[in-house]
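Structural overview for review
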Amino acid sequence: MSWGTTRVLGNRDAGRYLTAVLVSGFGTAAMLLVAGIWVKDLTGSSSLAGLVTLGVWGPTLVAPLIGVLADRFRRRPLLIWLHLGMAALLPVLLLVDSAARVWLIFAVMVAYGVSFVLIDSAEAALVPAVVPGELLGDFNGLRMTVNEGMKLVAPLAGAGLFAAYGGHPVVLLDAATFALAALLLTLIRVREAPPPPPEPWTRQLAEGLGHLRRHAPLRHLVACTGAAMLLIGINGALAYAVVDDGLHRPPEFNGVLGTVQGVGSLLGGLAAGALLRRLGDRWVTALAAALLAAGLALRAAPGLAPVAAGTLAVGVGAPLVLITVWTAVQRETPNALVGRVSATVNTLTFGPGTLAVLAGAGLLELVDHRVIQLTGAAGAVLLAVWALRGGPRAAPDGLRPAAPQGPPAAGPKENARPPATPQTAAPAAGTAERG
């Protein structure tokens, strides 16, 4: 375990925060899987079941508009109320007992998606007030590790509950985890400055976009992350072709490779903080792109060993690139702008991946999956070079001076610390994975 990981786990408020992420992440991972199964079970339609995911991720495409709200309120109370709101809304699904009421599942999933955007934005702004600046990368890595760990176990629990008792117990489980996460968030001791008086929505939106436009290193990092997520999206679209045409195994074998990728994500999340301190943003992004290149190339090979190794490499690379950009946003953005900037970055990074899934599926009708994988690998090599060449070099996290942004966290003197995000920045400057 690295020095930074040990420091984060030893921080009482950070520990409570991570526990809240773990609890809510367990219920969420179970519910999101069961929602699709539930729709399929009631309607018999695979297309409708697939649209459940669109309902959850669709709000990401308008995240900049939603993220403005995160900068209009204190972030900790907003997070508490969002979790309590979802705990109160989810029991509506107890009314679902036939295909005629499937629309309720879609409505709740859209609400889920909106809450995800707001929770991500509010978390991105609150975390720098809880965690010292030099530990932001470690915290973000641990947060992703917790989420990925839940994705390895919670879907199995959710599917088992659904198979035995139907969807209603999973609904109650998810509602309970949201409520428990809200309770844990109330125990975090942090003093937040009041938000500035609300300005017109369009002006606040323009300020968030203007921050990225003026901040060349951050803009370059976001562009690199978007390109990496595009490659990861194409890789995801080819998953069944790799298993069927490449390995000649049944579709269920994707579950095995999914576990391998999940293990890689755990490793990448744990390593991210230390790598950011030692190498800085550009080199970690380039390393992630190199891992993607190796992974995509290996997944084009016909044997199980290279495909498994490639899947592991993709699993390690994906969290590295995401944690790097999330940490940069938190570190280099004035606190008053973090909510809307974080939401905009999520759109710019996850949007290409969503579109790439559709593009990859279409390309499979015309081109062999190996050609697509190898082309993607070549693109990842170019991305690694581009990551190193773009913009002024950012200092490693451990060497970056921290600037205070406002009142320190409340509590004993030994827990007080200067948050990492500056209150002001030169042309400006800097959440999930979701719980």
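The model shown is predicted, which means the values in this text are computed figures rather than measured ones.

The end-to-end C-alpha distance of helix H13 (residues 281-299), which contains 19 residues, comes to 27 Å, matching closely the 27 Å that a straight helix rising 1.5 Å per residue would cover. When we look at burial in H13, the residues that qualify are Asp281, Arg282, Val284, Thr285, Ala286, Ala288, Ala289, Leu292, Ala293, Gly295, Leu296 and Arg299.

Structurally, Thr285 can be placed in helix H13. Looking at Thr285, the relative accessible area reads 2%, which means it is buried. Not counting residues up to four positions away in its chain, the partners in contact with Thr285 are Leu221, Cys224, Val321, Thr324 and Ala387.

Another aspect to go through is the packing of helix H11 (residues 239-246) against helix H16 (residues 369-389). Interhelical geometry of H11 versus H16 gives an angle of 130° and a closest axis separation of 10 Å. Relative to H16, H11 is oriented oblique. Viewed along their axes, H11 and H16 form a crossing whose handedness is left-handed. Along its contact with H11, which presents Ala241, Val242, Asp245 and Gly246, the element H16 presents His369, Arg370 and Gln373. Tallied by class, residues from the contact of H11 with H16 come to two nonpolar, three polar and two charged.

This paragraph deals with unusual backbone geometry. Positive phi values are uncommon outside glycine, yet His248 reaches one of about 55°. With respect to the helices and strands, His248 occurs in the loop between H11 and helix H12 (254-279). Look at His248 and you get exposed, because its relative accessible area is 67%.

Attention shifts here to the nonpolar core. Ranked by internal contacts, the top residues of the largest apolar core, which has 39 residues, are Leu322, Trp326 and Val345. With 35 residues, the next largest nonpolar core counts Leu18, Ile66, Leu118 and Phe139 among its residues.

Next up on the list: the pattern of salt bridges. A complete count under the given rule lists seven salt bridges for this structure. As a salt-bridge pair, Asp13 and Arg16 come within 3.8 Å of each other at their nearest N and O atoms. With a gap of three residues between them, Asp13 and Arg16 both fall in helix H2 (residues 12-43), about one helical turn apart. When its relative accessible area of 24% is taken as the criterion, Arg16 is described as partly exposed. As a salt-bridge pair, Asp368 and Arg370 come within 3.2 Å of each other at their nearest N and O atoms.

Cut-offs used in this document
- Residues numbered from 1 in each chain as written.
- Predicted model: local features only at pLDDT ≥ 70, side-chain atom pairs only at ≥ 80, totals over all residues.
- Heavy atoms only, no water.
- Helix = DSSP H or I, 4+ residues; strand = E, 2+ residues; numbered from the N terminus.
- Expected span 1.5 Å × (residues − 1).
- Buried < 20%, exposed > 50% of the residue type's maximum accessible area, 1.4 Å probe, protein only.
- Contact = heavy atoms within 4.5 Å.
- Axes fitted to C-alpha atoms, helices over the stretch in contact; angles between N-to-C directions.
- Parallel < 35°, antiparallel > 145°, perpendicular 65-115°, else oblique.
- Left-handed = near helix turned anticlockwise from the far one by under 90°.
- Nonpolar A, V, L, I, M, F, W, Y, C, P; charged D, E, K, R; others polar.
- Core = buried A, V, L, I, M, F, W, Y, C linked by side-chain atoms within 4.5 Å.
- Salt bridge = Lys/Arg side-chain N within 4 Å of Asp/Glu carboxyl O.

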